[in-house]
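So the chains spell out like this:
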Amino acid sequence: MFSVDAHILSSHHNQNPTVTSLLSPIQLAPLFSTQRSLLPPMAIPPKLTSFSSSSSTMAAARSLEEGLASRYWLKFRRETIFVMYTPFVVSLAAGNLKIESFRHFLAQDSYFLKAFAHACELAEECADDDDAKLAITKLRKGVLQGLKRHNSFVQEWGIDPSKDGTINSATVKYTDFLLATASGKIEGVTDPGKLVTPFERTKLPAYTLGALTPCVRLYAFLAKELLTHANSGDGSHPYKKWFASYSSEGFQAAALQTEDLLDKLSVPLTGEELDIIEKLYHQAMKLEIEFFNLQPLAQPTVVPLIKEHNPVEDRLVIFSDFDLTCTIVDSSAILAEIAIVTVPKADQAQSETQIARMSSAELRNSWNGISTQYTEEYEQCIESILPSAKGEFNYEVLCKAIEQISDFERRANARVIESGLLKGLNLEDIKRAGELLVLQNGCASFFQKIVKNENLNANIHIISYCWCADLIRSSFSSGGLDVLNIHANELSFEGSICTGEIIRKVESPVDKVEAFHNILKSYNTDKKNLTVYIGDTIGDLLCLLQADVGIVIGSSPSLRRVGGHFGVSFLPLFPSLIKKQKQYTDESSSKWKGQSGTLYTVTTWAEIQAFISGW
């Protein structure tokens, strides 16, 4: 039916009985924004904290009010995720990165540091403030000292970066970007050569820091994060010293000082000039992704998932829940609110042939009663299926327990039909609401990336409890995703007016897993299926466990509680990939298998895309 968390939101929102006479995008927008503001933290992509406990101590978690650099770092955390999930970084974290690849990386790093120092020198020349000039000078000297330390400790691996003359195109692209910015040739933002007068050139230090700061902060973040994973092993990690160098107190302090300098240099700039810095910062982050993505590897890796996918022999089948997995608000609350706010519209235009509707007040009272009863009985149902003690994972035992939830969900839907809550809904209003529905950040872009890759041989299926599949279809079609396969309930209509009946197709966990199996049976057996299921609640649990890769987005307490009692393990995805990479050799395989009892947790769709398809 709907999630308990969504019910809590809707009951809060229902305290505001504003009624509109027409259902338009303008009138629905406040509804959705209000619902969004009431969502619990699990429903909104949080800050970048999913990789390990150390992330919460990073500068990325600093208050948004502290400065421009901190805001940009948080705003572009998606790009940080894509760096983390590159094959190079995952192999580096695992410690089985081939030394040849690391040697090449250090050569690129040395080349980049020299360009970094030169960019600082150019910025220093343009600074018109003594304090700023001194700070940039200190930054440049710090880079040069870092270059010396860099060259000294790599000798322990028998590496001479200067002898590796092959520079990646991504490295050249990044260094060219830095030096062009520092020279006043900011492509795509201002016309090359525009910053020529002495006054205009005083802005170059701020622009240059906008391009440099992301690199410093990213390295500080990466090193500290990866050092955590290196420390969790037996202490023999071959690249631990490199992590320690960039996670040292000195480098972490330098990262903060660089961000503070960007903040100070940005104070006198106009809004348009701050926009330029933001674009430079974002461009630098994207270039970092390219830089790490193009590091050559001489070994197999577990990321991205499609890397081992052979479209000729294999079929990638991606399944996803909809409510609070793809969306930030539950669809049942939306449909109920549409029913409530459109009553006056129906009353004004009602003819003898139209379906009679309850008043707005009656509908709201009905919805509040249904929601309250659902929540109370749901909690009771959860309590009743939990075993007295936690046991080992057994899928069959779990299925029997989940069947009780299925019975509960069917009874809940029957109450909705009997209430007449949905009677008289207009199909056009539903579709319009779907077009306005806000999806989780990164959800649509991930689906689009999969769909647009014609050589991938992939299919996407949405399996949902949603009462109205038309709502789902319109939410995706507005973003150009008409090709997604939707499996959900349907509303019964006479013409374009809902009769109040729900054509019940998928209304329980058992229905979902049955749909999952039927979809796979519909495919020819000439190809192997690699299945991924993405979900967020107990209703998805059986499907999550049946898929080769089950990904839980968000942090539903009830899902973890029930799963934990039945022996299901919930593991953060990134550390799990590092562990899997450690076990992955040239002779082995990274096969994924369903019914293992292990599910992988993420906080954002960016992690899902980074893992499955990469940048």
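Our structure is the block above this text.
Residues numbered from 1 in each chain as written. Predicted model: local features only at pLDDT ≥ 70, side-chain atom pairs only at ≥ 80, totals over all residues. Heavy atoms only, no water.

Peer 1: Where do I start with the packing of aromatic side chains in this structure?
Peer 2: The description of two aromatic rings rests on the distance between their centres and on the angle between their planes. Inspection of every chain in the model, using the stated rule, returns 36 aromatic pairs. The positively charged end of Lys 512 is found above the aromatic ring belonging to Tyr 465, 4.9 Å away from the centroid. The residue whose ring lies beneath Lys 580 is Trp 592, and the NZ or CZ to ring-centre distance is 4.4 Å. (Phe/Tyr/Trp six-rings, centres within 6.5 Å; stacked < 30°, edge-to-face > 60°. Lys NZ or Arg CZ within 6 Å of the ring centre and 35° of its normal.)

Peer 1: Got a minute to help me understand the environment of Glu 428 in this structure?
Peer 2: Its location among the elements puts Glu 428 in helix α18 (residues 427–436). A residue is classified by how much of its surface remains accessible, and Glu 428, at 43% relative accessible area, is partly exposed. For the pair Glu 428 and Ile 497, spaced 69 residues apart in sequence, the C-alpha to C-alpha distance is 9.1 Å. (Helix = DSSP H or I, 4+ residues; strand = E, 2+ residues; numbered from the N terminus. Buried < 20%, exposed > 50% of the residue type's maximum accessible area, 1.4 Å probe, protein only.)

Peer 1: Help me out: how do you make sense of the side chain of Ser 464 in this one?
Peer 2: For Ser 464, the position within the fold is in the loop between β2 (458–463) and α20 (469–477). Here Cys 466 takes part through its backbone nitrogen, which lies 2.9 Å from a polar atom of the side chain of Ser 464. In this structure, Ser 464 is in contact with Asp 321, Phe 322, Asp 323, Ile 472, His 487, Ala 488, Asn 489, Val 506 and Lys 512, ignoring residues within four places of it in sequence. (Polar contact = N/O pair within 3.5 Å; in protein donor to acceptor, adjacent residues only side chain to side chain. Contact = heavy atoms within 4.5 Å.)

Peer 1: I'm lost on the side chain of Ser 406 in this one. Help?
Peer 2: When you line up the elements, Ser 406 lands in helix α17 (residues 395–419). Contacts of Ser 406, omitting those with residues within four sequence positions, involve Ser 508, Pro 509 and Val 510.

Peer 1: Would you mind going over the layout of surface pockets with me for this structure?
Peer 2: Empty space left among the atoms is revealed by rolling a probe the size of a water molecule over them. The calculated volume of the largest pocket comes to roughly 1,100 Å³. Around the largest pocket, the lining comprises 44 residues; the ones closest to its centre are Ala 135, Leu 139, Gln 257, Thr 258 and Leu 261. Among the elements of the structure, α6 (99–126), α7 (130–153), α10 (204–231), α11 (240–247) and α12 (249–266) are those that each provide at least two residues to the lining of the largest pocket. Sorting elements by how many residues they give to the lining of the largest pocket places α7 first, with 13 residues. Looking at the lining of the largest pocket residue by residue, the classes come out as 23 nonpolar, ten polar and eleven charged. (1 Å grid on protein atoms, 1.4 Å probe; cavity = no way out; pocket = protein on both sides within 12 Å on 5 of 7 lines; lining within 4 Å. Points joined across faces, edges and corners; volume = space filled by probe spheres on them. Nonpolar A, V, L, I, M, F, W, Y, C, P; charged D, E, K, R; others polar.)

Peer 1: Just to check I follow, could you spell out the nonpolar core for this structure?
Peer 2: Within soluble globular proteins, side chains that are nonpolar generally end up buried alongside one another. One finds Phe 292, Leu 422, Phe 447, Phe 476, Phe 611 and Ile 612 to be the most contacted residues of the largest nonpolar core, which totals 147 residues. Sorting elements by how many residues they give to this core places α10 first, with 17 residues. Once you skip the residues sitting within four places of it in the chain, Phe 611 turns out to touch Tyr 85, Val 302, Val 303, Pro 304, Leu 305, Val 549, Ile 551, Leu 573, Leu 577 and Trp 592. Core analysis: the second largest hydrophobic core is formed by 40 residues, Leu 398, Ile 402, Ile 519 and Ala 547 among them. (Core = buried A, V, L, I, M, F, W, Y, C linked by side-chain atoms within 4.5 Å.)

Peer 1: Just checking my understanding: could you explain the packing of α10 against α11 for this structure?
Peer 2: Between two packed helices, both the angle of their axes relative to each other and the distance between the axes serve to describe the pair. Across the interface, α10 lies against α11 with an axial gap of 8 Å and an inter-helix angle of 135°. Considered as vectors, α10 and α11 are oriented oblique to each other. As α10 packs across α11, the resulting crossing turns out to be left-handed. Packed against α10, whose contacting residues are Tyr 219, Ala 220, Ala 223, Lys 224, Leu 226, Leu 227, Ala 230 and Asn 231, the element α11 presents Lys 240, Trp 242, Phe 243, Ala 244, Tyr 246 and Ser 247 at the interface. Considering only residue class, the contact of α10 with α11 consists of ten nonpolar, two polar and two charged. (Axes fitted to C-alpha atoms, helices over the stretch in contact; angles between N-to-C directions. Parallel < 35°, antiparallel > 145°, perpendicular 65-115°, else oblique. Left-handed = near helix turned anticlockwise from the far one by under 90°.)

Peer 1: What is the right way to look at helix α24 (residues 573–582) in this model?
Peer 2: Each full turn of the α-helix corresponds to 3.6 residues, which orients residues three or four apart in the same direction. Listing the buried residues of α24 in full gives Leu 573, Phe 574, Ser 576, Leu 577, Ile 578 and Gln 581. In this structure, the buried side of α24 is in contact with α4 (77–84), α5 (87–94), α10, β8 (569–572), β9 (598–602) and α25 (605–612).

Peer 1: What is the right way to look at the packing of α5 against α24 in this model?
Peer 2: In the contact formed by α5 and α24, the axes pass within 8 Å of each other and the chain directions differ by 70°. When the interaxial angle is binned, α5 and α24 end up roughly perpendicular. Two secondary-structure elements touch here, α5 through Val 90, Ser 91, Ala 93 and Ala 94 and α24 through Phe 574, Leu 577, Ile 578, Gln 581 and Lys 582.

Peer 1: What is the right way to read the pairing of strand β5 (residues 497–503) from this model?
Peer 2: Within a regular strand, side chains alternate between the sheet's two faces. With respect to burial, β5 is a largely interior element, five of its seven residues being buried. Pairing of strand β4 (residues 490–494) with β5 involves four bridges; the strand directions are antiparallel. Bridge pairing in β5 places Glu 494 opposite Ile 497. (Pairing = 2+ DSSP bridges.)

Peer 1: In this structure, what is going on with the environment of Leu 261? I would like to understand it.
Peer 2: With respect to the helices and strands, Leu 261 occurs in helix α12. Overall, the relative accessible area of 7% leaves Leu 261 in the buried class. Considering only alpha carbons, one finds Leu 261 and Ile 136, 125 residues apart in sequence, at a separation of 8.1 Å. Not counting chain neighbours up to four residues away, the residues in contact with Leu 261 comprise Ala 135, Ile 136 and Leu 209.

Honestly, it's all geometry; don't read function into it.
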